[in-house]
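# Structural description and commentary
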Amino acid sequence: MVLILADDLGYGDLGCYGHPVAKTPNIDALAKQGVRFTQHYSNGPECSPTRTALLTGRYQQRVGGLECAIGTGNVGRYDDAIRLAEQHELGLPVEDAVLPALLKPAGYRCGIFGKWHLGYEPKFNPMQYGWDEFVGYLGGNVHYFNHRELSDLQVLFRGRQPIERDGYMTHLITDDSIDFIKRHKDQPFFAYVSHECPHFPYQGPDDKDKVVTEENWMAFDPPAYVGMLEDLDSEVGRILTTLEESGVADNTVVIFVSDNGGFAGAGNMGPLRGSKGTTYEGGIRVPLIVRWPDQIAAGTVSDQVCVTFDLTRSILTLAGADVPGRKLEGIDLLSHVAEQRDDIPRTLFWRGRRGNRTWTAVRDGDLKLVRKREGTNTAQWMYNLESDLGETNDLASSRPQELERLEHLLQWWEGDVQPRR
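From a predicted model like this one, the values you see are computed outputs, not experimental measurements.

## Digging into the overall build of the protein chain
Scanning the protein chain from terminus to terminus reveals nine helices and 16 strands. In terms of C-alpha radius of gyration, the protein chain reaches 20 Å, essentially the compact-globule figure of 22 Å for 421 residues. Buried residues in the protein chain amount to 60% of all 421 residues. Excluding contacts between residues fewer than 6 apart, the proportion of contacts in the protein chain whose partners are at least 24 apart in sequence is 67%.

Right under this line is the structure:
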């Protein structure tokens, strides 16, 4: 299995999802060979939360401290995260992760290459979780060429050892992933290809001489962004070619997905409102493409509502792992599509925190409640996504009974996912 996770890729940032400029022929071909999902959500509106849900198979709120991306330099960005950082506990507890832990007994070799963003402390190094190999960086983003972040910490590691390297980060992540695939092609493997692209700083592969400093670290560069998207596509193509040349393409599931919506002013969210950091659709609805040869029909388009931790259950089920049914909260999405089952309604929840701002949402069927709390001020809106994908027509005042039902669902969920630490 190969899981390719893009970083801050907006819903409309690929050709097959409607990008007007960027050419992404390899990813588009992957969609034609498998299934493209139209209603896939990230579990969180930022990086660390969604990655927590992926590795645990559960709502990230249950862990505590990971409802916001861990700040550069191991910084907590809201009260619980600040407290845990002061205790040197800001990260994903090893005992909460089911990936790769449950894949190992099923005979899989497991490697992660690229972005980690689930803890800087040595106790949160990926090797502690059972990954056989790790080459990448611990934080949320680095300079694409010198591989440093905006702190004094060393963040680039091979296993538990700090390293220095030359090269463009997107290419290095692909190089390491390809090497892993070639060495383990004769046994079950799980390659977690965790790209930085297209997260800022906005540096294309030809921008080595571009001056990027703390002052312009987040400055948007439209040509560079398109170059990054097209280069990411080329790197996905390299991995697909490696699978073909290694003779394992026909029995390897390939998953391509984003960890959250695009960065405001940079990512293309297509018809969706909002961006990364919000629980509007643009912050949490993202591309998902899966190729499962001989199981999922080529050219499938699925409107099934789904979310990141559905992939966790799907991966474990596909591997024949011993799945802890009571602990995982997602559905086996891949079997659902492969068996051509009818789409099922879902009730899904989101909450993201940063400073004194909290974004929450619940989707139940086609109705969605979005709430923003900032300090002592709270605003909320209700939308029907079937008829109002762009979330422009607030139904909160005109359908009070349905609003109350969604409010009760959200209240129940927030009580159920109380953090354990």
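## Some details on the packing of aromatic side chains
For the structure on display, the rule yields 21 aromatic pairs. Relative to Trp 350, the ring of Tyr 41 has its centre 5.0 Å away and its plane inclined at 55°; by these criteria the two rings are tilted. Taken as a pair, Tyr 41 in strand β3 (residues 40–41) and Trp 350 in strand β13 (residues 347–354) lie far apart in primary sequence, 309 residues in all. Residue Tyr 41 is classed as buried on the basis of its relative accessible area of 0%. With centroids separated by 4.9 Å and ring planes inclined at 85°, the aromatic side chains of Tyr 59 and Phe 309 adopt a geometry described as edge-to-face. Residue Tyr 59 is found in the loop between α2 (47–56) and α3 (79–86), and its partner Phe 309 is found in helix α7 (residues 308–318); the two are separated by 250 residues along the sequence. Ring pairs connect the aromatic residues Tyr 59, Phe 309, Phe 349, Trp 412 and Trp 413, which therefore count as one cluster. The ring centre of Tyr 17 lies 4.9 Å from the NZ or CZ of Arg 36, which sits over that ring.

## A word on unusual backbone geometry
For residues other than glycine, phi is negative in most cases, and the peptide bonds are mostly trans. Across the junction of Leu 99 and Pro 100, the peptide omega takes the value 5°, indicating a cis bond. The linkage connecting Cys 197 with the following residue, Pro 198, adopts the cis geometry, with an omega of 0°. Within the secondary structure, Pro 198 sits in the loop between β8 (189–194) and α5 (222–245). Positive phi values are uncommon outside glycine, yet His 117 reaches one of about 65°. Of note, Gln 340 is a non-glycine position whose phi angle comes to about 55°, a positive value. As for its position among the elements, Gln 340 is in the loop between α8 (333–338) and β13.

## Description of the sheet that holds strand β16 (residues 377–384)
A sheet is described by the order of its strands in space; here four strands give the open sequence β13-β14-β15-β16, paired in antiparallel fashion. Because the sheet does not close on itself, it has two edges, and the strands there are β13 and β16. Neighbour-to-neighbour, the strand axes of the sheet open up by a mean angle of 10°, direction not taken into account. For strand β15 (residues 367–374) and β16, the ladder comprises eight bridges, and the chain directions are antiparallel. Residue pairing in the sheet places Lys 372 in a bridge with Ala 379 of β16. Against the sheet, helix α9 (residues 400–416) engages β13, β14 (357–364), β15 and β16, with an angle of about 65° to β15.

## Description of the side chain of Arg 291
When you line up the elements, Arg 291 lands in strand β10 (residues 288–291). One buried charge, Arg 291, has no salt-bridge partner; the nearest side chain with opposite charge is Glu 244, at 4.7 Å. Among the polar contacts listed, one links the side chain of Arg 291 to the side chain of Gln 33, at a separation of 2.7 Å. Apart from residues lying up to four places away in sequence, Arg 291 is in contact with Leu 30, Gln 33, Gly 34, Leu 240, Leu 243, Ala 249, Thr 252, Val 253 and Val 254.

## Things to note about the environment of Thr 174
Position of Thr 174 among the secondary structure elements: in helix α4 (residues 169–183). For Thr 174, a relative accessible area of 0% puts it in the buried group. Sequence separation between Thr 174 and His 195 is 21 residues; the distance between their C-alpha atoms is 8.5 Å. Residues in contact with Thr 174, not counting those within four places in the same chain, are His 195, Glu 235, Arg 238 and Ile 239.

## Let's talk about the packing of helix α1 (residues 25–33) against α5
Contact pair α1 / α5: the axes reach a minimum separation of 7 Å and the direction vectors enclose 55°. Viewed along their axes, α1 and α5 adopt a mutual orientation that is oblique. Between α1 and α5, the contacting residues are Pro 25, Asn 26, Ile 27 and Leu 30 on the first element and Asp 233, Ser 234, Val 236, Gly 237 and Leu 240 on the second. In the contact of α1 with α5, the residues fall into five nonpolar, three polar and one charged.

## Looking at the nonpolar core
Counting 107 residues, the largest nonpolar core has Val 2, Leu 103, Phe 190 and Phe 256 as its most contacted members. The dominant element in this core, judged by the number of residues it contributes, is α5, at 10 residues. Ignoring any residue separated from it by four or fewer positions in sequence, one finds Val 2 in contact with Ile 181, Phe 189, Ala 191, Val 193, Ile 239, Leu 243, Thr 252, Val 253, Val 254 and Ile 255. Tyr 41, Val 305, Ala 396 and Leu 403 belong to the second largest nonpolar core, which has 22 residues in total.

## Focus on the pattern of salt bridges
Applying the stated rule across the entire model yields 34 salt bridges. Asp 7 is the salt-bridge partner of Lys 115, the closest N and O atoms lying 2.5 Å from each other. Taken together, the residues span a long stretch of sequence, with Lys 115 in strand β4 (residues 109–115) and Asp 7 in the loop between β1 (2–6) and α1 at a distance of 108 residues. The exposure class of Lys 115 is buried, given its relative accessible area of 0%.

What counts and how
Residues numbered from 1 in each chain as written. Predicted model: local features only at pLDDT ≥ 70, side-chain atom pairs only at ≥ 80, totals over all residues. Heavy atoms only, no water. Helix = DSSP H or I, 4+ residues; strand = E, 2+ residues; numbered from the N terminus. Rg over C-alpha atoms; globule rule 2.2 N^0.38 Å. Buried < 20%, exposed > 50% of the residue type's maximum accessible area, 1.4 Å probe, protein only. Contact = heavy atoms within 4.5 Å. Phe/Tyr/Trp six-rings, centres within 6.5 Å; stacked < 30°, edge-to-face > 60°. Lys NZ or Arg CZ within 6 Å of the ring centre and 35° of its normal. Pairing = 2+ DSSP bridges. Axes fitted to C-alpha atoms, helices over the stretch in contact; angles between N-to-C directions. Lys, Arg positive; Asp, Glu negative; His and termini not counted. Salt bridge = Lys/Arg side-chain N within 4 Å of Asp/Glu carboxyl O. Polar contact = N/O pair within 3.5 Å; in protein donor to acceptor, adjacent residues only side chain to side chain. Parallel < 35°, antiparallel > 145°, perpendicular 65-115°, else oblique. Nonpolar A, V, L, I, M, F, W, Y, C, P; charged D, E, K, R; others polar. Core = buried A, V, L, I, M, F, W, Y, C linked by side-chain atoms within 4.5 Å.

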